[in-house]
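One letter stands for each residue in the lines below.
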Amino acid sequence: MYSDRCAVNEAGIDSRQGWQAELSLGFTKTESRTVLRRRAHRGPLTVQRPFYPEGDVCHLYLLHPPGGVVAGDRLTIGVKAEHGSHALITTPAAGKFYRSEGSSASQSVAMTIEENAVLEWLPQETIVFEGARLTSATTINIDAGAHFIAWEIIVLGRPASGEGFELGEALLNWRILLEDEPVYLERLRLDAQAFAARWGMNRHSTCGTLFAYPASAEVLEIVRNVIGDAPGRGVTRIDDLLICRALDHRADKLRDFFNEVWTAIREATVGRKACMPRIWAT
């Protein structure tokens, strides 16, 4: 996919070793709204200007100009929501991890949410091409009184093109901490065996997890009502952490389901009625 890359880019980095891209974001509450106070980046990872469809909530779109990730690429994202701020982060399109001849691509996301701050991490789906090797790590460290909703949607192969997932793997790690103490740790390995097995994805191309905090028993009941008798959907609650999972043969159907859950629980979880990012409608 990147045969036209120069051997050495403008920063003097040998691109044959992969892009090393970093992005650091900091949100602050002013008298009138949340602003993107800090933005630092290195390599092909940046953001569009903030949008304010809700007036004071900052909506921000992450951009990865190359359009996809190949073996050796490493993306590192750090986000801090300071006291009282409210930011929603999404992406304008699906992420893509391309086939690898052996080495892995990696993505690391670390989020810190201070007291009374709200952070919503709602990227569009990540497509892991057959033969790709992905390592993804997401850490959320929250202070007491913080709020967040976050999801991850993974697509294995390209079912619309008749591609399954007979080769490759995705290693997915989640760490959710409350004031530096672990409350939820998960390590998931998706490979050809997990893709095909009945105990795994049973050849569903798409899987996803949605987290929400803090979530009351009433929020759990709201999500149960959204699910109803639909197959491939489930939800549980560990203390005040809501965990909703889904399997589907189509990424758009799973994304629509998560949108429905987010719409149903947003006001109860983060104090705002749903306001869809404009980019989702394009």
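Residues numbered from 1 in each chain as written. Predicted model: local features only at pLDDT ≥ 70, side-chain atom pairs only at ≥ 80, totals over all residues. Heavy atoms only, no water.

Describe in detail the overall build of the protein chain, supporting the description with residues and values.
When you go through the protein chain residue by residue, the secondary structure sums to three helices and 17 strands. Here the protein chain has a C-alpha radius of gyration of 19 Å; the compact-globule value for 282 residues is 19 Å, and the two agree. In terms of overall dimensions, the protein chain has C-alpha extents of about 50 × 45 × 40 Å along its principal axes. Looking at the protein chain as a whole, 50% of its 282 residues are labelled buried. In the protein chain, 70% of the contacts between residues at least 6 apart in sequence involve partners at least 24 apart. Accessible area for the protein chain stands at about 13200 Å²; split by element, carbon and sulfur atoms hold 48% of it. Charge-centre separation for the protein chain: the mean point of 31 positive side chains lies 4 Å from the mean point of 35 negative side chains. (Helix = DSSP H or I, 4+ residues; strand = E, 2+ residues; numbered from the N terminus. Rg over C-alpha atoms; globule rule 2.2 N^0.38 Å. Buried < 20%, exposed > 50% of the residue type's maximum accessible area, 1.4 Å probe, protein only. Contact = heavy atoms within 4.5 Å. Areas by Shrake-Rupley, 256 points an atom, 1.4 Å probe, with all protein chains shown as cover. Lys, Arg positive; Asp, Glu negative; His and termini not counted. Charge placed at Lys NZ, Arg CZ, Asp CG, Glu CD.)

Provide a residue-level description of helix α2 (residues 217-227), including the pertinent values.
Within α2, burial applies to Val-219, Leu-220, Val-223 and Ile-227. Within α2, the buried residues cover an arc of 105° as seen down the axis, which keeps them to one side. Residues of α2 that are exposed and point more than 90 degrees away from the buried face comprise Glu-218 and Asn-225. Immediately beyond the C-terminal end of α2, within one or two residues, lies Gly-228, with a positive phi of roughly 60°. (Arc of directions from axis to C-beta.)

Mind laying out helix α3 (residues 251-270), listing which residues take part and the relevant values?
The sharpest bend along α3 measures roughly 40° and falls at Ala-264. Looking only at α3, the buried set comprises Ala-251, Leu-254, Phe-257, Phe-258, Asn-259, Val-261, Trp-262, Ile-265, Arg-266, Thr-269 and Val-270. One or two residues past the end of α3 sits Gly-271, with phi positive at roughly 85°. (Bend = angle between axes of the 7 residues up to and from the residue.)

Give me the side chain of Glu-114: which residues, what numbers.
Examined against the element boundaries, Glu-114 turns out to sit in the loop between β8 (105-113) and β9 (118-121). A polar side-chain atom of Glu-114 sits 3.3 Å from a polar atom in the side chain of Lys-80. Not counting residues up to four positions away in its chain, the partners in contact with Glu-114 are Lys-80, Ala-81, Glu-82, His-83, Asp-143 and Ala-146. (Polar contact = N/O pair within 3.5 Å; in protein donor to acceptor, adjacent residues only side chain to side chain.)

Tell me about a negative patch on the surface, and please be specific about residues and values.
A surface patch of like charges, here negative, comprises Glu-115, Glu-179, Asp-180 and Glu-181. Of note, Glu-115 is situated in the loop between β8 and β9. Judged by its relative accessible area of 42%, Glu-115 is partly exposed. (Patch = residues over 30% accessible without salt bridge, like charges linked within 9 Å, V, L, I, M, F, W, Y side chains within 5 Å. Salt bridge = Lys/Arg side-chain N within 4 Å of Asp/Glu carboxyl O.)

Pulling in residues and values, what's your account of the nonpolar core?
Ranked by size, the top nonpolar core spans 50 residues in total, and within it Leu-25, Phe-27, Ile-113, Phe-148 and Leu-190 carry the most contacts. Formed by 28 residues, the second largest nonpolar core is a distinct cluster that contains Leu-210, Ala-212, Ala-215 and Val-270. (Core = buried A, V, L, I, M, F, W, Y, C linked by side-chain atoms within 4.5 Å.)

Please provide a residue-by-residue account of the sheet that holds strand β2 (residues 34-42), values included.
Strand order in this open sheet of seven strands is β2-β1-β5-β8-β11-β13-β14, and the pairing throughout is mixed. Looking at strand neighbours, the two that pair on one side only are β2 and β14 (181-191), the edges of this open sheet. Averaged over all pairs of adjacent strands, the angle between their axes in this sheet comes to 10°, without regard to strand direction. Where strand β1 (residues 20-29) lies against β2, eight bridges are found, and the strand directions are antiparallel. Within β2, the residue paired with Leu-25 across the bridge is Arg-39. (Pairing = 2+ DSSP bridges. Axes fitted to C-alpha atoms, helices over the stretch in contact; angles between N-to-C directions.)

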